[in-house]
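The lines below spell out each chain.
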Amino acid sequence: MTDLTVARRGTTRTVTFVVLAIIAVAFLLPFAWLVIASVQPGAALSAHLDWTFSTANFRAVLNPDTMYRPILNSVIISGGTALLTVFVAVLAAYPLSRYQSRFGRSFLYIILFSTGLPITAVMVPVYAMYSRINLVDSIPATIAFMSAASLPFAAWMMKNFMDGVPISLEEAAWTDGAGWFQSLHRIVLPLMVPGLTVVFIFTFVLQWGNFFVPFILLLSPEKQPASVTIYTFFSQYGQVAYGELAAFSILYTLPVVVFYSALSRVLGGAFSLTGAVKG
Amino acid sequence: MTSVAPLEAPAVRALDAAPRRRPRNWLVRLAPMAPALLLLLVFFAGPMLWSVYTAFTNLALTGSSTVDFIGIDNFTRMARDPSFLHSLELTLIFVVGSAVIGQNTLGLLIALLLRGRSKVARAAVTGVVIAAWAVPETVAGFCWYAFLYRTGTLNALLGHFGIAQNWLYTTPMLAVIIANVWRGTAFSMLVYSAALSEVPPDLTEAAAVDGASGWQRLRHITLPLIRRAIVSNLMLITLQTLATFGLIYVMTGGGPGTASQTTPLYMYQQSFKFYQLGYGTAMALVLLVVGALFSVIYLRLIRLED
């Protein structure tokens with residue numbers, strides 16, 4: 001290697017580093033207000049630091065009406081959706097993973113396409129249908145719809161994870177006369193716990209932040225999750241308490257952060273959608 | 001694929017190539033899919049099919065009990081509705097600007113720059129980018145609202161240049177596009193990181209030895225190799241961006257006026273504020289068709305590359 005290429009490589013490294021640093025800072029900046037406003041008593045919409053800190057904003061939002069009930073609703077809705085989705089997706093992924101030759105790639109592409117169907121577009125007809133059969137403002141019905149909406153992508157990820165479990169392990173069980181359920185339950189599932197965790201957390205986090213679906217389907221405030229109350233609560237009153245809004249936002253975002261760190265811990269820091277969206 | 005070499009007996013080969021196991025019949029085989037199909041049929045395909053019918057009616061939530069079949073009136077009304085056409089135009093600008101150009105390019109750029117970086121640098125950059133993605137939609141909207149506000153962080157930084165203004169009011173479309181790039185880049189970055197990790201390094205190294213520039217290596221070796229990931233990514237982010245509602249709704253509410261009212265927001269207004277469900281559903285169908293058109297275009301473009 002000549003001196004020139006070494007020198008050039010050094011410059012490239014520096015440029016790369018600077019560009020990456022700029023990107024990181026640019027991605028962090030919009031969070032600045034959130035963090036600063038949450039700990040300042042008289043916070044406004046500016047990220048202005050006046051060096052007076054207090055936990056007043058956090059104390060103000062930590063009460064059943066503002067915080068606990070919406071968060072509990074979020075846990076019920078996102079948790080219910082994630083559980084139902086994982087359960088149904090595992091079952092659906094089994095034939096997709098095990099009998100590929102029959103289904104073929106095109107079928108999987110249809111699934112991939114339907115994963116992205118604009119949910120917003122489906123919402124109006126779903127609302128019309130729900131209002132006809134009196135399912136509007138029902139938490140179980142909302143969970144059912146959210147599960148159906150998360151299912152295609154979950155099944156797609158699940159199929160890719162299941163492909164990683166060698167089929168030869170199952171062959172022995174088959175010769176012993178085990179049915180698909182036993183084979184799935186005893187052999188495949190224990191080997192794909194990381195995959196199950198990823199799909200569960202992915203679905204949970206996505207629904208935790210879902211605004212539009214509960215905004216349309218759940219009308220009574222005591223049933224709405226945090227994603228909706230944060231909007232209605234803080235936009236209803238003329239004078240917005242921005243400090244409290246920021247404190248609420250942070251507390252509401254916290255579970256997501258915890259889940260993501262847990263995920264990268266579980267998967268040994270290798271968390272990416274590598275296994276999930278290879279195509 | 002199984003590791004059994006299909007050389008020995010034809011019977012072994014048959015077993016290896018066709019169904020690896022022989023279930024009694026296809027019903028048993030597909031049984032595990034039943035719950036999924038049921039869920040999708042009732043909550044997805046059902047409403048969709050019903051929406052195709054509703055789009056041709058004057059269904060409204062105003063209490064009138066009669067629903068009349070009005071043919072393609074909803075669609076001709078759309079074609080003549082300047083607010084709808086305006087919203088469709090804004091939607092296309094939003095999708096192309098924030099997804100196709102913004103998220104896609106920035107995600108690829110970050111993935112490329114992160115190749116071969118230290119573990120710490122990778123963790124720091126991906127952590128920050130993923131944080132923007134993981135934050136709930138409403139919180140992301142509030143963050144950007146405050147960031148771009150007249151007294152917000154951006155103006156505090158730009159204050160010295162004398163161009164401080166309420167960016168949500170003066171450049172609403174640019175504001176929501178940038179916010180959506182910020183929010184969605186993580187997905188493209190993850191997809192491209194995964195795809196790039198499967199590109200054998202010796203290929204690009206060999207090209208470098210032959211004197212190919214960085215751009216040439218990217219254009220002629222790396223990009224063709226991750227072609228499939230590009231299509232999947234473009235398809236998914238286009239469809240997601242097409243449906244974006246919460247972020248825009250929280251940041252600008254479609255305003256000022258209708259300056260950032262994309263089709264999902266207009267559809268929401270027509271369906272749930274003016275109770276025109278039939279008209280709203282017809283718009284939903286148009287959105288779905290636009291999504292399908294984008295997907296067809298991507299698949300075509302990649303074919304041509306072969």
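Because the structure is predicted, anything quoted here is derived from the model rather than measured. (Residues numbered from 1 in each chain as written. Chains lettered and ligands numbered in written order. Predicted model: local features only at pLDDT ≥ 70, side-chain atom pairs only at ≥ 80, totals over all residues.)

Quick look at the overall build of chain B
- Across its full length, chain B holds 16 helices and zero strands.
- With 306 residues in all, chain B has 44% of them scored as buried.
- A fraction of 70% describes how many contacts in chain B between residues 6 or more apart in sequence connect residues 24 or more apart. (Helix = DSSP H or I, 4+ residues; strand = E, 2+ residues; numbered from the N terminus. Buried ≥ 20, exposed ≤ 12 C-beta atoms within 10 Å, placed from the backbone. Contact = placed C-beta atoms within 7 Å.)

Examining the packing of helix α5 (residues 82-114) of chain B against helix α10 (residues 172-196) of chain B
All names here are of chain B.
- In the contact formed by α5 and α10, the axes pass within 6 Å of each other and the chain directions differ by 40 degrees. Relative to α10, the element α5 is oriented oblique. Along this stretch, α5 crosses α10, giving a crossing that reads as right-handed. (Axes fitted to C-alpha atoms, helices over the stretch in contact; angles between N-to-C directions. Parallel < 35°, antiparallel > 145°, perpendicular 65-115°, else oblique. Left-handed = near helix turned anticlockwise from the far one by under 90°.)

Observations concerning the interface of chain B and chain A
- Taken together, the contacts link 74 residues of chain B with 71 residues of chain A.
- Sort the elements by how many residues they give to the side of chain B that touches chain A and helix α3 (residues 34-54) of chain B lands first, with 11 residues.
- The residue makeup of the side of chain B that touches chain A, split by class, is 53 nonpolar, 16 polar and five charged. (Nonpolar A, V, L, I, M, F, W, Y, C, P; charged D, E, K, R; others polar.)

Concerning the environment of S168 of chain A
- In this structure, S168 of chain A sits in helix α8 (residues 168-175).
- Each C-alpha atom of the pair S168 of chain A and A241 of chain A lies 61 Å from the other, and the pair is 73 residues apart in sequence.

What to know about α5 of chain B
Residue and element names in this part refer to chain B.
- Look at α5: 45 Å from first C-alpha to last across 33 residues, which is about the 48 Å you get at 1.5 Å a residue.
- The principal kink in α5, of about 30 degrees, is found at G102.
- Looking one or two places after α5, you find G116, whose phi comes out positive at around 75 degrees. (Expected span 1.5 Å × (residues − 1). Bend = angle between axes of the 7 residues up to and from the residue.)

Side note on the nonpolar core
- Ranked by size, the top nonpolar core spans 158 residues in total, and within it A89, A155 and M158 of chain A together with C143 and M251 of chain B carry the most contacts.
- Looking at this core element by element, the count peaks at 15 residues for α10 of chain B.
- A domain-level breakdown of this core finds at least three residues from each of domain 1 (3-38) and domain 2 (63-266) of chain A. (Core = buried A, V, L, I, M, F, W, Y, C linked by C-beta atoms within 7 Å. Domains from an automatic or database assignment.)

As for the confidence of the model for chain B
All names here are of chain B.
- Looking at chain B, pLDDT values average 80 and 87% of them are 70 or higher.
- Summarising per-element confidence for chain B, the mean pLDDT is lowest in helix α1 (residues 10-17) (38) and highest in α5 (93).
- Scored below 50 in pLDDT, residues 1-21 makes 16 contacts in the model with residues more than four places away or belonging to other chains.
- What the predictor reports for the complex is a pTM of 0.81 with an ipTM of 0.79. (pLDDT = per-residue confidence, 0-100.)

Here's the deal with unusual backbone geometry
Residue and element names in this part refer to chain A.
- You will see that N134, though not glycine, has its phi angle at about 60 degrees, which is positive.
- Within the secondary structure layout, N134 lies in the loop between α6 (119-132) and α7 (139-163).
- Positive phi is not limited to glycine here, since D137 has a value of about 70 degrees.
- Along the polypeptide, D137 turns up in the loop between α6 and α7.

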